[in-house]
Amino acid sequence: MAVLFEKTKLLTDKQFHYCPGCHHGIIHRLVAEVLDEMNLQGKCIGVAPVGCSVFAYDYFNCDMYEAAHGRAPAVATGIKRAVGNDTMVFTYQGDGDLASIGTAEIVHAAHRGEKIVTIFVNNAIYGMTGGQMAPTTLIGQKASTCPTGRTEEWSGMPIKMSEMLAQIPSSYYIERVAVNNTANIAKAKKAIAKAFRYQMEGKGFCMIEVLSTCPTNWGLSPVEAIDWLENNMIPYYPLGVYRDKEAE
Amino acid sequence: MALTLMKGSEAIAEAAIRAGARFFFGYPITPQTEIPEYMAARMPEIGGCFLQAESEVAAINMVYGAAGTGARVVTSSSSPGVSLKQEGISYCAGAQVPCLIINVMRGGPGLGNIQASQGDYFQAVKGGGNGDYHLLTYAPASVQEAIDIMMFAFDKAEQYRIPVLFLADGIIAQMMEPVELPEMVDYKVDPEKKPWACTGWKAGDDPKKRGVINSIYIDTESLTVHNNELQACYKEVVENEQMWEEFNCEGAEYIITAFGTVARIAKSAITQLKEKGINVGLVRPITVWPFPYDAVKKVVDQPSVKAVLDVELNEGQMLQDVKLAVNGTKEVDFFGHCGSLMPSTDEIVNKILSMKEGK
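These numbers come from a predicted model, not from an experiment.

## Observations regarding the overall build of chain B
So, point 1. Within chain B, the secondary structure is distributed over twelve helices and 15 strands.
So, point 2. In terms of its C-alpha atoms, chain B occupies a principal-axis envelope of roughly 75 × 50 × 40 Å.
So, point 3. Intrachain contacts of chain B at a sequence separation of at least 6 include 79% that bridge at least 24 residues.

Encoded structure:
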């Protein structure tokens, strides 16, 4: 009998701990499938963050590190400098990790043009600690540390990491995608594949920002969460390519 | 072998390279900037990697990344910078990543000053970062001793899978001494000896060899097992790795305890006191963790010993370990300065004289 579908071997059999409707599962799958399709098993090392995807080292079936909060790009820098260009190095980070405590590390990894890929999952909230305000939390969005909703006056406007990193001269490829529907999932996979290809070609720093739902901490059902993402997140965080040196 | 006149920081850097270090990540800070500068020039000559990090926080995390692949990796900094590294050091300890950290101590707290100090003793041996961990911590008293220790420091780090800390004061790094440098070690990562290292695992390989460099153990049971493993390792280090020097201890009337450069000044004081007919000995811990409690106790327990004088370039930090070793059997006095004012030979002589006079 012909095999029509197989789970990618770049994911372990460990059951995901993610909440129903959370997009981490889809994003993990896309990353793993791309690694698999590019025959990178045995030639890739990943770095997990602190946050909801802290256990990513249990899910990606390759050599993995678990980094301190926000430090994944520095850890990845050390790995990449040690293993050289034949090994693909990626970080997988959330918005609390990358856009708050880890801003120095991500900015300087981009600034040095580190030949790494960062998968940046932005769900506009701290998930693991239970729904606190993130730098990416939208104006008016409620979180446990902004119970009446974020205001610009008190907390500033939500940070736009892709736009910001695209300004750094050594950034090579920066794209923002979403996995809210089939078409966007396909586009997200293409973007991830392109980033990995650029790294294997020895190009510079690549980051794919993936907008993601957090039904649990947004207090919405999975379906409502997708609607919220489409109606609120995508308008503020427009999808698209912010930097692609090859195309320039 | 010929002696070369070398500045401490450069000699320490060259020794690290000769011991197999091929990766250096660091950030400039006085009084140790000569180490990254030396590495920046030297690493490319031998096919190694020098990278200036954006901060000490990033530097230690780069160490974590590179050392997790099995490479021999070193970073250096001075006190305020080492404080910034503490998070990463705790992660290296938790994830059992062998690596080498050099702290050229300067005055504190806070920005303090840029002169020599021994004010980071507590940070080095009593914690620093979070959690129950220790670093194998060497406190060299000369440039040559720093070189000699460096030549086996990576072996120890790898044997026990713990980070090794060089606790040097600013004097060791800044002074020039004639030294003998050993031959270059030909170090290559051996995946058999480092099955934990991330070297490119793939499906079909031994599942136990998938590299996971990690310090999180989310359930109480697995974290207990992990900590028990760490503690068993520390116990072995305590049993096997204590190093100290005894000088003029036999039949001594007083015993001085001191580490690093201060111990050398104490030796001069001991020579002067001998001329005055006062017999004083010195116990100098070379490893400050593990601290040589038994060695100190054995020397102090001699019937001839009346009292102990601990001398440090701080307000009395190792003093606590000396007191634990002496355990109340003899009086322990202290002499030291903070603010980086080095205790002089005369001050130590006078202190012993005043102790003798019962003042």
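## Focus: the confidence of the model for chain B
So, point 1. Across chain B, the average pLDDT comes to 96, with 99% of residues at or above 70.
So, point 2. Listed scores for the predicted complex are pTM 0.97 and ipTM 0.97.

## Observations concerning the domain arrangement of chain B
Residue and element names in this part refer to chain B.
So, point 1. The domains assigned to chain B are domain 1 (4–179) and domain 2 (245–356).
So, point 2. Spacing between the C-alpha centres of domain 1 and domain 2 amounts to 27 Å.
So, point 3. Listed per partner, the contact involves 23 residues of domain 1 and 22 residues of domain 2.
So, point 4. Looking at the side of domain 1 that touches domain 2, the elements with two or more residues in it are α5 (121–125), β6 (136–138), β7 (164–169) and α7 (170–174).
So, point 5. If you tally residues by element for the side of domain 1 that touches domain 2, the top one is α5, at four residues.
So, point 6. When the residues that make up the side of domain 1 that touches domain 2 are grouped by side-chain class, the tally is 14 nonpolar, eight polar and one charged.

## Some thoughts on the sheet that holds strand β13 (residues 287–289) of chain B
Residues and elements named next belong to chain B.
So, point 1. The mixed open sheet is built from seven strands, whose spatial order is β3-β2-β4-β5-β7-β6-β13. At either end of the open sheet lies a strand with only one pairing partner, and these are β3 (49–52) and β13. Strand after strand, the sheet turns through a mean of 20° between neighbouring axes, direction not considered.
So, point 2. Sheet topology note: the strand β5 (residues 100–105)/β7 ladder contains six bridges and is parallel. By the bridge assignment for β7, isoleucine 102 is matched with phenylalanine 166.

Thresholds applied
Residues numbered from 1 in each chain as written. Chains lettered and ligands numbered in written order. Predicted model: local features only at pLDDT ≥ 70, side-chain atom pairs only at ≥ 80, totals over all residues. Helix = DSSP H or I, 4+ residues; strand = E, 2+ residues; numbered from the N terminus. Contact = placed C-beta atoms within 7 Å. pLDDT = per-residue confidence, 0-100. Domains from an automatic or database assignment. Nonpolar A, V, L, I, M, F, W, Y, C, P; charged D, E, K, R; others polar. Pairing = 2+ DSSP bridges. Axes fitted to C-alpha atoms, helices over the stretch in contact; angles between N-to-C directions.

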